[in-house]
Amino acid sequence: MTTASVPRSSRDVRRWDVETDVLVVGLGCAGASAALDATAAGASVVVAERASAGGGTSANSGGVIYLGGGTPIQRECGFDDTPDEMAKYLLAACGAHRDEAKIRAYAEHSVEQYHWLVGHGVPFKGVFYPHYSGEPPTDDGLVYSGNEDCHPFNTIAKPAPRGHVPQIPGKAGGLLMEKLIAAVERSPATVLADTRCETLVVSDDDAVIGAVLKTYGEERAIRARRGVVLTTGGFIMNRDMVRTHAPDLKRCMFLVGGDGDDGSGIVMGMAAGGLAINMSMGSISLPIIPPKKVETGILINAQGQRFVNEDSYYGRLGEHVMYRQDGRAWLLLDEKCFERPEVPREIAAVGESAGEIEAALSLPPGSLQATLDLYNHHAAHGEDPVFHKASAFVAPLEPPFAALDCCVDTSFYAAFTLGGLRTNLDSQVLRPDGSVVPGLYAAGRTSAGLAAPGYSSGISLGDGSYFGRRAGRHAARA
């Protein structure tokens, strides 16, 4: 923890340069949402943004927003969904580290969240894009963005696509933030650009009552009468924090984040008494599609065995390879399903037999042949009783073979952090004993939100905006 992050006592603040009801630190999706709902609740708001303009990592994202429960877009595209089915999926997908109360609240209010976004100018087109997860190359507005329609989750909750994408071809994060920042500019909130939050200010009873900001080297103390909301992003760009808390993520080739994802908000929150949780967790993506054709192949580990159904969302594939296979995996294809993935992958081996692939990849002799014998025996009948891959992607694999490199250390993986400050339903930062740090809130990747292992695309923007709004509203009423 740096000296700069240690809170400043209010006794050491000679004067308040600015006073406001709510101070929001960071103008990404979570920060904009907090500012909008705080001003809507009648509070005066100052937003401090370290860059020359808002947007942050949210603006550089794919723009997928995880929403469901029966949104107008879902209904228009012919999908039935309910808050209960949405919650059942998230509770199953997010595993042991899930926050059930947050998941249920998020699912229950998801349709309202959709209308809130539309009300602030975010457009969605009522067309379903069926070809792969993630942001579509078209301006279609709905995609499967997780494991909803694959085993085992399709046996736990009724599948429905919940990736809502603002109406623009390709990456939609820029459009999303353009609309939200425009809404902030129309609101009574004051935005201070090129302004970095240096440290929080606490009272004698350890309540957060403001912050020290720095603009072009000039220091200013801002009094926040009702609360400070930290929405500064995660810590993927802080090498020391990643090395300490989530060293596995350092192995990934592409780190998803911007300069602001340096962990500063998390560190300031901890210094003020908050607890950081799930700090070792990250979203780790292994993008093998598009094209979906390659899902007919099989992912094998260093023992020549399958370990997951290949039609899983690429975040689940990445987590399985990193955390369960020590980062070593290859995608075995034959002539019928071979195609170059859109994200380039090197051919690690080719062979006229399973034995040649085993030798080239240093797999145990006979291991891949045994895997293929079992797989092909059932695939001949369109079945996969071991991992239950969808029958559309089940077919026997015959030589010659090619194995694409899917190892973490030598091929493309994308990662970002999921850990952050522990918060309650209203985004108040909690101490280790579960009590509230008075006056302090956090949302987005600064907090440990819904985004646990089992991540689906769109959860970061979805829970960032929803819990950012809850932070803004609660702080305005404080």
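Our structure is the block above this text.
From a predicted model like this one, the values you see are computed outputs, not experimental measurements. (Residues numbered from 1 in each chain as written. Predicted model: local features only at pLDDT ≥ 70, side-chain atom pairs only at ≥ 80, totals over all residues. Heavy atoms only, no water.)

Colleague: Sorry, what's going on with the pairing of strand β10 (residues 218-230) here?
Modeller: Side-chain positions along a regular strand alternate between the two faces of the sheet. Where strand β2 (residues 18-25) meets β10, seven bridges bridge the pair, whose relative direction is parallel. Of the residues in β10, the one forming a bridge with Val18 is Ile222. Both strand β9 (residues 208-215) and β10 contribute to a ladder of six bridges, which runs antiparallel. Within the sheet, the bridge partner assigned to Val212 lies in β10 and is Ala221. Counting the residues in the hairpin turn of β9 and β10 gives two residues, including Tyr216, whose phi is positive at 50 degrees. (Pairing = 2+ DSSP bridges. Helix = DSSP H or I, 4+ residues; strand = E, 2+ residues; numbered from the N terminus.)

Colleague: Even after reading the chapter, I still don't get the nonpolar core, so can you show me in this structure?
Modeller: General note: in soluble globular proteins, nonpolar side chains tend to be found buried as a group. One finds Leu23, Leu200, Val228, Leu230 and Leu440 to be the most contacted residues of the largest nonpolar core, which totals 78 residues. When sequence neighbours within four positions are dropped, the list of residues in contact with Leu23 reads Val46, Ala48, Ala211, Ile222, Ala224, Gly227, Val228 and Val229. Counting residues in hydrophobic clusters, the runner-up holds 60 residues, among them Val47, Ala107, Ile181 and Leu418. (Core = buried A, V, L, I, M, F, W, Y, C linked by side-chain atoms within 4.5 Å. Buried < 20%, exposed > 50% of the residue type's maximum accessible area, 1.4 Å probe, protein only. Contact = heavy atoms within 4.5 Å.)

Colleague: Please clarify how helix α12 (residues 367-379) should be interpreted in this entry.
Modeller: Every α-helix carries 3.6 residues per turn, so stepping three or four residues along brings you back to the same face. Here α12 spans 18 Å end to end across 13 residues, near enough to the 18 Å set by a 1.5 Å rise per residue. Within α12 the residues assigned to the buried category are Ser367, Leu368, Thr371, Leu372, Tyr375, Asn376 and Ala379. Viewed along the axis of α12, the buried residues span an arc of 145 degrees, placing them on a single side of the element. Structurally, α12 contributes buried residues whose contacts are with β14 (298-300), β15 (330-334), α11 (354-361) and β17 (401-405). (Expected span 1.5 Å × (residues − 1). Arc of directions from axis to C-beta.)

Purely spatial values, then, with no claim about function.
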